[in-house]
Every structure is written in C-alpha cells, then in structure tokens.
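# Geometric and topological summary
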Amino acid sequence: MKDILKVMWFDFLTSANLAVPAMLVFLLVCGVGALFFSPLMAGFLAFGSMLFVIPLQSAAERSGFHKLYGLLPVKRKQITRGRFAFMFAAFFGTELIGILIARIAPFLALYRLLPNQGSPNLVLIAKTFEDVQTSVMAIILMHFLMSLVFIYMEMMGQIFGRENEMKIIMISLTVLTVVLITFFTLSDHEIIPRINFGFDEFQNAGNLFQLVSTGLIFLVLTIVFGEITAHVVSRREL
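Residue indices follow the written sequence of each chain, beginning from 1 at its first position. With pLDDT at 70 or above as the cut-off, local features in this predicted model cover only qualifying residues; side-chain atom pairs require 80 or more to be listed or tallied, and sums for whole chains, interfaces and linings still use all residues. Think of the side-chain values as coming from all heavy atoms in the structure, minus any hydrogens and water.

### Structural notes on the nonpolar core
Defined as follows: Nonpolar cores were defined as sets of buried Ala, Val, Leu, Ile, Met, Phe, Trp, Tyr and Cys residues, with membership established by side-chain atoms within 4.5 Å. Categorising residues by exposure relies on relative accessible area from a 1.4 Å probe, with only protein chains included: less than 20% of the type maximum marks a residue as buried, more than 50% marks it as exposed, and the intermediate range marks it as partly exposed. A run of H or I in DSSP becomes a helix once it reaches four residues, and a run of E becomes a strand once it reaches two; helices and strands are each numbered from the N terminus. Two residues qualify as a contact provided that any one of their heavy atoms is within 4.5 Å of a heavy atom in the partner residue.
Core analysis: the biggest nonpolar cluster contains 22 residues, and Ala 42, Phe 52, Ile 99 and Val 136 have the highest contact counts within it. Put simply, the parts of the chain that give this core at least two residues each are helix 1 (2-36), helix 5 (76-108) and helix 7 (132-160). In terms of residue count, helix 1 provides more of this core than any other element does, seven residues in total. With residues up to four places along the chain from it excluded, the contact list for Val 136 reads Ile 99, Ala 102, Arg 103 and Asn 207.

Spelled out as structure tokens, the structure:
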C-alpha cells in the first residue's frame, strides 16, 4: 500500500502544475454557476478532474517522464496500480465535491439575488433548485461515464501504446456499436430475452444509493482494468 501511495503522490506532482490552478478555476466557475443558476453545473467539475489525468497520459509520457518511474523504489505492478488508484481518487474526489456543492445550492438559493425575478428564465432556474435530486443523479452519471472512459483508455493505452489511441477509440466504438445494434435487434425480435437494466429503479433510488452503487462499480472496474494492465506491462522492461 505504501508503494501505491508513493506512485499516487508522484502522479499528483507530475500533473499538479497544470491541474491545480486549472481545477481552482473550474471550481470557481462551476461553484458560482451551481449556486446562482443550477446545481447541475457542479457536474462540469468532471472536466476539471480530467486535468489531473491528461498530463499523465499525454505530455508526461511524450516528454519521457515515464522513465522516471523506473527510478522509483517500487515494483512495476505497483506503479501501474498506483496510476489507476490515482485516477480513481481524482474522479471520485471531484464527484464528491460536485455533489456537495449541488446539495448546498438549494439552501443558499442565491438565484434570488439575480435581477428580473419572475421572468421566464428565472422561473426555470428556480425549478432546477427544487429538483436537486435529479441534478445530483446527473452529476453522478456524468462522472461515472467520464471516469469509465478514462480508465479504459489508460488500460488500452498502456497495453497497446499511446500512439495507437485513435485506433483504439475507433475500434472500441465500432465494436460497442455492433454489439449494441446486435443485442437490441435480437431483443426486439425476441430471439433473446429482453433485459431490464433497471434504470428506472436507479433513477427513483436515493442519491446515496446511486453514489455508492456507481462508486463500487467504478472501484471494481478500476481494480480489474488495473490488474489486467499491471499483468501485461510488468513483463516489459521499464
């Protein structure tokens, strides 16, 4: 565990110069937007969490920073595990901050300080503060989908190479599209039984359940993707 924490700290230092100032700007803009206009705007913090990951996947790798990992007194598998653990912490931590802001917004209701109260736009804004549960659910799903894409691309990028990322994206989208079209076609013709994905139940569930369930799924997928990546790349020389 200590080795993983060392790698997480190293990854943080690698991305901090870009990520921390940019994240503060995101936090200010999204926070003000969520408090004055809609709690849903807190969900855009997910784009800020990307800034902790992008330098690790692009600039740091192309600049040869990855060679520094070979100097760390940790095993190769722990380096990979630390990277995925850092990504989990970055996305999930930002998600919690976004949910906190969205939950605080209705209590402050700062939209009442805006001019032209009673206008159609202000009426729509006020409604978003009344249905904060839907906003929080949207924030949870936004972070979940974005974080899932990034850990998947991290796995594929480390295994097949960053230079092949566009090929990976195109192949992955093609395979996903074919699978979905095939599944729904067979399901519509009752060749295979219809599967209820339970989105209605998820939507009607409380935000705590939504957060915990998606968080656990994200954690499990992070561990699985991380272990697959660690198993493959540990065979290579640093």
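On we go.
### What to know about the environment of Ser 38
Mapped onto the elements, Ser 38 comes out in the loop between helix 1 and helix 2 (45-49). On the basis of relative accessible area, Ser 38 is assigned to the buried category, the value being 13%. A sequence separation of 67 residues divides Ser 38 from Ala 105, and the C-alpha atoms of the two residues are 8.0 Å apart. Not counting residues within four places of it along the chain, the set of residues in contact with Ser 38 comprises Gly 33, Thr 128 and Phe 129.

### Section: a nonpolar patch on the surface
Selection rule: To count toward a patch, a residue needs a relative accessible area over 30% and no salt bridge; like charges are then connected within 9 Å, while nonpolar side chains (Val, Leu, Ile, Met, Phe, Trp, Tyr) are connected within 5 Å. The protein chains shown are the only cover counted for residues, whose accessible areas, like all others here, come from Shrake-Rupley with a 1.4 Å probe. In what follows, salt bridge is the name for a side-chain nitrogen of Lys or Arg lying within 4 Å of a carboxyl oxygen of Asp or Glu.
Side chains of Leu 208, Val 212, Leu 216, Leu 219 and Ile 223 sit close together on the surface and give an oily, nonpolar patch of about 470 Å² of accessible area. Among the secondary structure elements, Leu 219 is positioned in helix 10 (residues 207-233). For Leu 219, a relative accessible area of 34% gives the class partly exposed.

### Digging into the pattern of salt bridges
Between side chains of opposite charge, a pair can form when the charged atoms approach closely. Taken as a whole, this structure holds three salt bridges when the rule is applied. A salt bridge links Asp 11 to Arg 83, with the nearest nitrogen and oxygen atoms 3.1 Å apart. Residue Asp 11 is located in helix 1, and its partner Arg 83 is located in helix 5; the two are separated by 72 residues in the primary sequence. For Asp 11, a relative accessible area of 0% gives the class buried. The buried category is assigned to Arg 83, whose relative accessible area is 5%.

### Observations concerning the packing of helix 7 against helix 10
So the rule is basically this: Simply put, an axis is a line fit to the C-alpha atoms, just over the touching stretch for a helix, and the angle between two N-to-C directions goes from 0 to 180 degrees. For this classification, under 35 degrees means roughly parallel, over 145 means roughly antiparallel, 65 to 115 means roughly perpendicular, and everything else is oblique. Following the grouping adopted for this structure description, the nonpolar residues are Ala, Val, Leu, Ile, Met, Phe, Trp, Tyr, Cys and Pro, the charged ones are Asp, Glu, Lys and Arg, and the polar ones are all others, Gly among them.
The N-to-C vectors of helix 7 and helix 10 enclose an angle of 5 degrees; their axes lie 10 Å apart at closest approach. It follows that helix 7 is roughly parallel to helix 10 by the angle criterion. Of the residues in the contact of helix 7 with helix 10, the class split is 17 nonpolar, eight polar and no charged.

### Examining the environment of Ala 89
Looking at the secondary structure, you find Ala 89 in helix 5. Here Ala 89 falls in the partly exposed class, since its relative accessible area comes to 38%. C-alpha of Ala 89 to C-alpha of Ser 49: the two residues are 40 residues apart in sequence and 9.6 Å apart in space. For Ala 89, the contacting residues outside a window of four places in its chain are Met 8 and Thr 94.

### Description of the side chain of His 143
Following the sequence through the fold, His 143 ends up in helix 7. You can call His 143 buried: its relative accessible area is 1%. Setting aside its immediate chain neighbours within four residues, His 143 contacts Gly 43, Leu 45, Ala 46, Phe 91, Thr 94 and Glu 95.

### A closer look at helix 7
The condition is simple: The span you would expect from a helix comes to 1.5 Å times its residue count less one.
With 29 residues, helix 7 ought to run about 42 Å at 1.5 Å a step, and its terminal C-alpha atoms sit 42 Å apart, in line with that. With its phi angle positive at about 105 degrees, Gly 161 sits one or two positions after the end of helix 7.

### Here's the deal with the confidence of the model for the protein
Here is the rule we go by: Confidence scores per residue from the predictor, reported as pLDDT, run from 0 to 100.
Put simply, the protein has an average pLDDT of 81, and 84% of its residues get 70 or more. Across the protein, the element-wise mean pLDDT spans from 52 in helix 4 (residues 59-62) up to 90 in helix 10.

### Regarding helix 6 (residues 120-130)
Spelled out, the test is: The reported arc concerns the directions from the helix axis to the C-beta atoms and nothing else.
Turning to helix 6, its buried residues number three or more, namely Leu 122, Ile 125, Ala 126 and Phe 129. Buried residues of helix 6 fall within an arc of 100 degrees about the axis and therefore sit on the same side. Within helix 6, the exposed residues directed more than 90 degrees away from the buried face are Pro 120, Leu 124 and Glu 130. On its buried face, helix 6 is in contact with helix 1, helix 5 and helix 7.

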